[in-house]
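Spelled out from the first residue to the last, the chains are:
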Amino acid sequence: MLDLGRLRALHAVAVHGSVGGAAAALGFTPSAVSQQISKLERETRTVLLERQGRGVVLTDAAVRLAGTAQQLLALVEQAEVTLEEQRGQAVGRLLVAAFATGARGVMPGALADLRQRCPELDVRLLETDPYLAAELVARGEVDLALVQDWPTVPLPVQDGISRMDLGRDPVDLLLRAEHPLAALPCVPVDRLVGQRWISVPPGNICHDWLVLTLREVGEEPDVLYQVGEFETQIALIEAGLGLGLVPRLGRAPLPDGVVARTVSPEPTRRVYALWRTQASRRPAITAALRAMREQWARVGTPSSDVLRSP
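Residues numbered from 1 in each chain as written. Predicted model: local features only at pLDDT ≥ 70, side-chain atom pairs only at ≥ 80, totals over all residues. Heavy atoms only, no water.

Enquirer: Explain the overall build of the protein to me, please; I cannot follow it from the model alone.
Expert: Looking only at helices and strands, one finds 10 helices and 13 strands in the protein. In terms of overall dimensions, the protein has C-alpha extents of about 70 × 50 × 35 Å along its principal axes. When each of the 310 residues of the protein is scored for burial, the buried share is 45%. Once local pairs closer than 6 in sequence are excluded, the contacts in the protein between residues at least 24 apart make up 76%. Counting only carbon and sulfur atoms, one obtains 51% of the accessible surface of the protein, whose full area is about 14,800 Å². Here the protein carries 33 positive and 36 negative side-chain charges, and the mean point of each set is 4 Å from the other. (Helix = DSSP H or I, 4+ residues; strand = E, 2+ residues; numbered from the N terminus. Buried < 20%, exposed > 50% of the residue type's maximum accessible area, 1.4 Å probe, protein only. Contact = heavy atoms within 4.5 Å. Areas by Shrake-Rupley, 256 points an atom, 1.4 Å probe, with all protein chains shown as cover. Lys, Arg positive; Asp, Glu negative; His and termini not counted. Charge placed at Lys NZ, Arg CZ, Asp CG, Glu CD.)

Enquirer: Please explain the packing of helix α2 (residues 19-26) against helix α3 (residues 30-44) as it appears in this structure.
Expert: Each packed pair of helices is defined by two parameters, the angle between the axes and the distance between the axes. Between α2 and α3, the shortest axis-to-axis distance is 8 Å and the interhelical angle comes to 105 degrees. By the angle between their directions, the pair α2 and α3 is classed as roughly perpendicular. Between α2 and α3, the residues in contact are Val19, Gly20, Ala22 and Ala23 and Pro30, Val33 and Ser34, respectively. By residue class, the composition of the contact of α2 with α3 is five nonpolar, two polar and no charged. (Axes fitted to C-alpha atoms, helices over the stretch in contact; angles between N-to-C directions. Parallel < 35°, antiparallel > 145°, perpendicular 65-115°, else oblique. Nonpolar A, V, L, I, M, F, W, Y, C, P; charged D, E, K, R; others polar.)

Enquirer: How do you make sense of a nonpolar patch on the surface when you look at a structure like this?
Expert: Together, Leu4, Leu72 and Leu75 make up an exposed nonpolar region whose accessible area comes to about 240 Å². With respect to the secondary-structure elements, leucine 4 resides in helix α1 (residues 4-16). Since its relative accessible area comes to 30%, leucine 4 is described here as partly exposed. (Patch = residues over 30% accessible without salt bridge, like charges linked within 9 Å, V, L, I, M, F, W, Y side chains within 5 Å. Salt bridge = Lys/Arg side-chain N within 4 Å of Asp/Glu carboxyl O.)

Enquirer: What exactly am I supposed to notice about the side chain of threonine 59 here?
Expert: With respect to the element layout, threonine 59 can be found in the loop between β2 (55-58) and α4 (60-87). What makes threonine 59 buried here is its relative accessible area of 10%. Each residue touching threonine 59, except ones within four places of it in the same chain, is listed here: Val47, Leu48, Leu49 and Glu50.

Enquirer: Whenever I open this one, the pairing of strand β9 (residues 222-226) confuses me. Can you help?
Expert: The side chains of a regular strand alternate between both faces of the sheet. With four bridges connecting them, strand β8 (residues 196-199) and β9 associate as parallel partners. Pairing of serine 199 across the sheet is with glutamine 226, part of β9. In this region the chain leaves β8, passes through helix α8 (residues 205-215) and returns to the parallel neighbour β9; the handedness of that crossover is right-handed. (Pairing = 2+ DSSP bridges. Right-handed = clockwise from strand over helix to strand, strands pointing away.)

Enquirer: Quick question: what am I supposed to make of the nonpolar core here?
Expert: Side chains of nonpolar character tend, in soluble globular proteins, to be buried together. Judged by nonpolar contacts, the single largest core of 47 residues is most densely connected at Leu173, Leu192, Trp197 and Leu245. Once residues within four sequence positions are removed from consideration, tryptophan 197 is found in contact with Leu173, Leu192, Leu210, Leu214, Pro221, Asp222, Val223, Leu224, Tyr225, Leu243, Gly244 and Leu245. (Core = buried A, V, L, I, M, F, W, Y, C linked by side-chain atoms within 4.5 Å.)

Enquirer: Got a minute to help me understand α2 in this structure?
Expert: For the α-helix, the turn length of 3.6 residues means that residues three or four positions removed from each other point alike. What α2 keeps buried is the set Val19, Ala22, Ala23, Ala25 and Leu26. All buried residues of α2 project into a common sector of 165 degrees when viewed along the axis, lining one side. Residues of α2 that are buried in the fold lie against α1, α3, β1 (49-52), β2, β3 (92-98) and β4 (121-127). For α2, the side-chain oxygen to backbone nitrogen distance between the N-cap and glycine 21 is 2.9 Å, and the N-cap itself is serine 18. Residue glycine 27 follows α2 closely and has a positive phi angle near 80 degrees. (Arc of directions from axis to C-beta. Polar contact = N/O pair within 3.5 Å; in protein donor to acceptor, adjacent residues only side chain to side chain.)

Enquirer: I tried to follow empty space enclosed by the protein on my own but got confused; where do I start?
Expert: Empty space left among the atoms is revealed by rolling a probe the size of a water molecule over them. Applying the stated criterion across every chain, the model contains one cavity of 30 Å³ or more. The computed volume of the largest cavity comes to approximately 110 Å³. Forming the walls of the largest cavity are Trp150, Val171, Ile198, Ser199, Val200, Cys206, Trp209, Leu210, Phe230, Gln233, Leu245 and Pro247. Put simply, the parts of the chain that give the lining of the largest cavity at least two residues each are β8, α8, α9 (230-238) and β10 (244-247). Looking at which element gives the most residues to the lining of the largest cavity, the answer is α8, with three residues. Considered class by class, the residues forming the lining of the largest cavity number 10 nonpolar, two polar and no charged. (1 Å grid on protein atoms, 1.4 Å probe; cavity = no way out; pocket = protein on both sides within 12 Å on 5 of 7 lines; lining within 4 Å. Points joined across faces, edges and corners; volume = space filled by probe spheres on them.)

Enquirer: Would you explain the packing of α1 against α2 in this entry?
Expert: One way to put it is that α1 packs onto α2 with a least axis distance of 8 Å and a crossing angle of 115 degrees. For the pair α1 and α2, the sense of crossing is right-handed. The segment α1 lies against α2, with Arg8, Ala9, Ala12, Val13 and His16 engaging Val19, Gly21, Ala22, Ala25 and Leu26. Its residues assigned to classes, the contact of α1 with α2 comprises seven nonpolar, two polar and one charged. (Left-handed = near helix turned anticlockwise from the far one by under 90°.)

Next comes the structure, spelled out in structure tokens:
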């Protein structure tokens, strides 16, 4: 008999591309994941991972086994949903993925609320980009994801995924107070041409939005500094090294000398939650969605009460 926990570890390595990534998603240490894979190799008498440089790659046999593991994990999830629904209580483990500012602006209050209301629910949080978060939900690696996208850069979402809209997150232009554009209460987007930018790296949905927006006014943005943390971006803006477009959600008070100005047309992110439709009946999912919705009402715009499936 193949151990389900070991199959889960192999599937996580296949999804995340590394032992370290799998460990972070599962809440284990890399050595623990490696031990699980080693035991699975002995049980199956098959080499599953091969060294390649500093990382590992799955063998052909491992790829096939990981595909089977995904099917088994989906069946296990269906059984857990049925049992949890019968009990009517939010129990077990719930793994939630969230983008960085959502993890900072929404999840602390939501997680605290869940701990109080559902003491038997073991909730884990994974911070990751929306692109990956949507994939992890579809693959069954996480149960629920807090994501964001832009009307001009919609997030690709697979079939079988449900969605709950929370609201819009406005984005401001941040710059030094002595910058000429700071004299304008609202900056037209065509005035952003010719500026030096501080932004997240390529492959991030916020970076994609900046590029597409400035291309519409005829410019390829000059991104001098690529950093993932908005707090680091603000520090670079404070040093006078460039301008940044920074969302309001989860944003700390601005330092002296840095000001926020609206942009016209106003850029806003859409914030929403994703989960597998087959898990919609699970009490843990409904409890987490309620906690997110209530927390959003405190920190953002009023949330939608509508749960929508494709």
